[in-house]
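This is what each chain is made of:
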Amino acid sequence: MVQRGRQILVSLVLVVLLLVTSCAPKPPSQFDQAQQLSSQPGAIAVAKNATQGSEFNAFFPKPGNGYERLYTQEKKGFAEAKLKKDGKDLAMLAISDTSSIPSAAQKFQQSTQKIGGYPAVEIGSTQTAVLVGDRYQVKVLSRDPAFGPAERSNWIAKFDLNGLAKLN
Amino acid sequence: MSKPIFEIVDQLPTGGITIMALRALDFAVPGQWNNLVGFKNTIRTVTGETDEAMIQQIGDRAVFLFNDKSQGYQRALWLYETVDTADAALGAAAFANKVGEKIPLFGFLDKLTPKPEQAQTIDLTVKLVVELVAFCQINGIPGDSIGDFLAALGDYGGESLMRMAALVCFDGLIPLGPDFINKALNGISSMTPKELEQNSTFNGVKSLIPGGNSAGQLSFINQSFDATKGWMSDFVSYRNLTPEKVVSNLQNFVEISKDKLDYLGAFLDMSTNYYTHTGVQTLARRLIERAVAEI
């Protein structure tokens, strides 16, 4: 009898434990707000009139001198290529349409420098960008410690920035 | 509505049969895969950014991109999840209490049903097509562009290369043997659309396979496999891969005799979900690469 009572008690404890752990609220995440906003009906990540990524390809720097350029993504409002040398990833090269994310364009209002005549900014510790025609962001992102801010500026200047400006 | 992407990446396991099976393939693709898990950890590793405010911005943008269904990321996730056999969960449960000790497969033979060669051929070739279609959904290159996929395959690294290594080893070499490429090619080219329609792996993902109807889809599968056979045979010969080598590396955690390879194939099929696991890692990486470049 005692044995049976103990068994029941153990099962009850297990059931309660299971309920408590399965119903425990999820720990909050710092990305909950983005999740909520982007799950609302009608929420979109890319503007309807954003330029197709395929239209950006022509303005990327040409490969050569041992540098390889490998296109990696081509989506509406965005195109990206990888810059490699001797089989090593050096940087990512990207063009995006800021009509989908106005804040991306706003940061250039604080710009104090120019590359190729366009307002330029350094972002974080791995990124340099210019804003072309008040709309298209051209960004170079380091993927190798030896590829620093000077290299990033050089490679931004190798994009056909004026050609891209005319796309607008 | 999919689960939030940050939860999916945060919940990727760091142990279990899938992870042990993939680690066993390190000999084939040395140092390529280190099981990167956790959303913020992935942001830091992929971008090299460490500033909290920057990580927040990148993560927020990635969440928006993932949740916009028109961007294809959710379709890619669905493909990776669906092509991992429906039995995987069942198998994982059966073997769950064995983690931490060597799994004696001979004790489970009655629970494992090796797939007939035709079903295994469909698994292998459909998984390859899923890789191609998911690649296009994630990276945005037109839906049936086999040429673009081939070019990218040459640059595959990290978890993507590990996924292909596992495809070759777990769905090719082990269940079909060293001549798996020819076996699969012959199998798929003599298959009828009816036979394809009866296969559950194909049925799971067919809504996203190009080709219109099952005859067209069969020809797309055939064409895709044929186009990648060169890459696959180079992969095998360059790395000198054999079923024996794969088995001896798997023997670190599973006990199996070498004359029971079909059972080992069935075990891996049932107990791992390597397409989903590495697929989520690839998806997260690409989302984050895009997010950091757009903000």
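Keep in mind that this is a model prediction, so the values were computed, not measured. (Residues numbered from 1 in each chain as written. Chains lettered and ligands numbered in written order. Predicted model: local features only at pLDDT ≥ 70, side-chain atom pairs only at ≥ 80, totals over all residues.)

## Remarks on the overall build of chain B
Operational definition: Runs of E in the DSSP output that reach at least two residues are strands. Runs of H or I that reach at least four are helices, and both are numbered from the N terminus. For the exposure call, what matters is how many other C-beta atoms sit within 10 Å of a residue's own: 20 or more marks it buried, 12 or fewer exposed, and in between partly exposed, using C-beta atoms placed from the backbone. Here contacts are defined at the residue level, using C-beta atoms placed from the backbone and a cut-off of 7 Å between them.
Looking only at helices and strands, one finds 16 helices and 2 strands in chain B. With 295 residues in all, chain B has 49% of them scored as buried. Within chain B, contacts between residues separated by at least 24 positions form 82% of all contacts whose residues are at least 6 apart in sequence.

## Notes on the interface of chain B and chain A
Filter applied, for reference: Any residue that is not Ala, Val, Leu, Ile, Met, Phe, Trp, Tyr, Cys, Pro, Asp, Glu, Lys or Arg is counted as polar, Gly included; the first ten are nonpolar and the last four charged.
Contacts between the two partners involve 28 residues from chain B, matched on the other side by 29 residues from chain A. Per-element tally for the side of chain B that touches chain A: the top contributor is helix α4 (residues 52-67) of chain B, with 8 residues. Of the residues contributing to the side of chain B that touches chain A, the split by class is 11 nonpolar, 8 polar and 9 charged.

## Considerations on the sheet that holds strand β5 (residues 118-123) of chain A
Residues and elements named next belong to chain A. To be explicit about the condition: At least two DSSP bridges between two strands are required for those strands to pair. Angles here are taken between N-to-C directions and fall from 0 to 180 degrees, while the axes themselves are lines fitted to C-alpha atoms, restricted in helices to the stretch in contact.
One open sheet holds the 7 strands; their spatial order is β1-β2-β3-β7-β6-β5-β4, and the pairing between them is antiparallel. This sheet does not close on itself; its edge strands, each paired only once, are β1 (67-75) and β4 (113-115). Looking at each pair of strands side by side, their axes are set apart by 25° on average, direction ignored. Taken together, the 4 bridges between β5 and strand β6 (residues 127-132) define a ladder with antiparallel strand orientation. Counterpart to V121 in the pairing with β6 is A129.

## With respect to the pairing of β1(A)
Residues and elements named next belong to chain A. Relative to strand β2 (residues 78-85), β1 runs antiparallel, the two being bridged by 8 bridges. Looking across to β2, one finds that K75 is bridged to F78. Taking the residues between adjacent antiparallel strands as the criterion, β1 and β2 are bridged by 2 residues, where G77 takes a positive phi near 80°.

## A word on helix α15 (residues 261-271) of chain B
Along α15(B), 10 of the 11 residues are buried, which leaves the element largely enclosed by surrounding structure. Of all the residues in α15(B), the buried ones are B:L261, B:Y263, B:L264, B:G265, B:A266, B:F267, B:L268, B:D269, B:M270 and B:S271.

## Points about the confidence of the model for chain B
All names here are of chain B. Stated formally: The predictor rates its confidence in each residue with pLDDT, a number between 0 and 100.
Residues with a pLDDT of 70 or more make up 93% of chain B, whose mean pLDDT is 91. The secondary-structure element of chain B with the lowest mean pLDDT is helix α6 (residues 88-95), recorded at 59, while helix α1 (residues 5-10) shows the highest, at 98. Here the prediction assigns the complex a pTM of 0.91, and the interface score ipTM is 0.89.

## As for helix α3 (residues 39-47) of chain B
Residue and element names in this part refer to chain B. Filter applied, for reference: As used here, the arc belongs to the directions running from the helix axis to the C-beta atoms.
Within the span of α3, buried status applies to F39, T42, I43, V46 and T47. Viewed end-on, α3 has its buried residues packed into an arc of 105°, placing them on one side of the element. Those residues of α3 hidden inside the fold are in contact with α1, α4 and α16 (274-294). Count one or two residues on from α3 and you reach G48, which has phi positive near 80°.

## A word on unusual backbone geometry
One non-glycine residue, A:N65, lies in the positive phi region at around 55°. Inspection of the secondary structure assignment puts A:N65 in the loop between α2 (32-39) and β1. With 6 C-beta atoms packed within 10 Å, A:N65 lands in the exposed category. One non-glycine residue, B:N240, adopts positive backbone phi at about 55°. Checked against the element boundaries, B:N240 lands in the loop between α13 (214-238) and α14 (243-250). For B:N240, a count of 8 C-beta atoms within 10 Å puts it in the exposed group.

## What to know about the packing of helix α8 (residues 146-153) of chain B against α13(B)
To characterise two packed helices, one gives the angle between the axes of the helices and the distance between these axes. Residues and elements named next belong to chain B. Selection rule: Put simply, angles under 35 degrees are roughly parallel, angles over 145 are roughly antiparallel, angles from 65 to 115 are roughly perpendicular, and the rest are oblique. Crossing handedness: left-handed means the near helix sits turned counterclockwise from the far one by under a right angle, and right-handed means the same turn made clockwise.
At a minimum axis distance of 11 Å, the contact between α8 and α13 shows a crossing angle of 25°. Taken together, the axes of α8 and α13 lie roughly parallel to each other. Between α8 and α13 lies a crossing of right-handed hand. Together, I146, L150 and L153 of α8 and Q223, S224, A227, T228 and W231 of α13 make up the contact between the two elements.

## Let's talk about the environment of B:S2
Residue and element names in this part refer to chain B. Mapped onto the secondary structure, S2 falls in the segment before α1. Residue class for S2 comes out partly exposed when judged on the 15 C-beta atoms lying within 10 Å of it. Here the alpha-carbon distance between S2 and F66, two residues 64 residues apart in the chain, equals 9.3 Å. If we ignore the near neighbours within four places in the chain, the residues touching S2 are Q74 and L77.

## Here we look at the environment of B:K115
All names here are of chain B. Turning to its location among the elements, K115 is positioned in the loop between β1 (103-104) and α7 (117-139). Residue classification places K115 among the partly exposed positions, given that 19 C-beta atoms sit within 10 Å. Here the alpha-carbon distance between K115 and S145, two residues 30 residues apart in the chain, equals 31 Å. Ignoring any residue separated from it by four or fewer positions in sequence, one finds K115 in contact with Q120, D123, P175 and A266.

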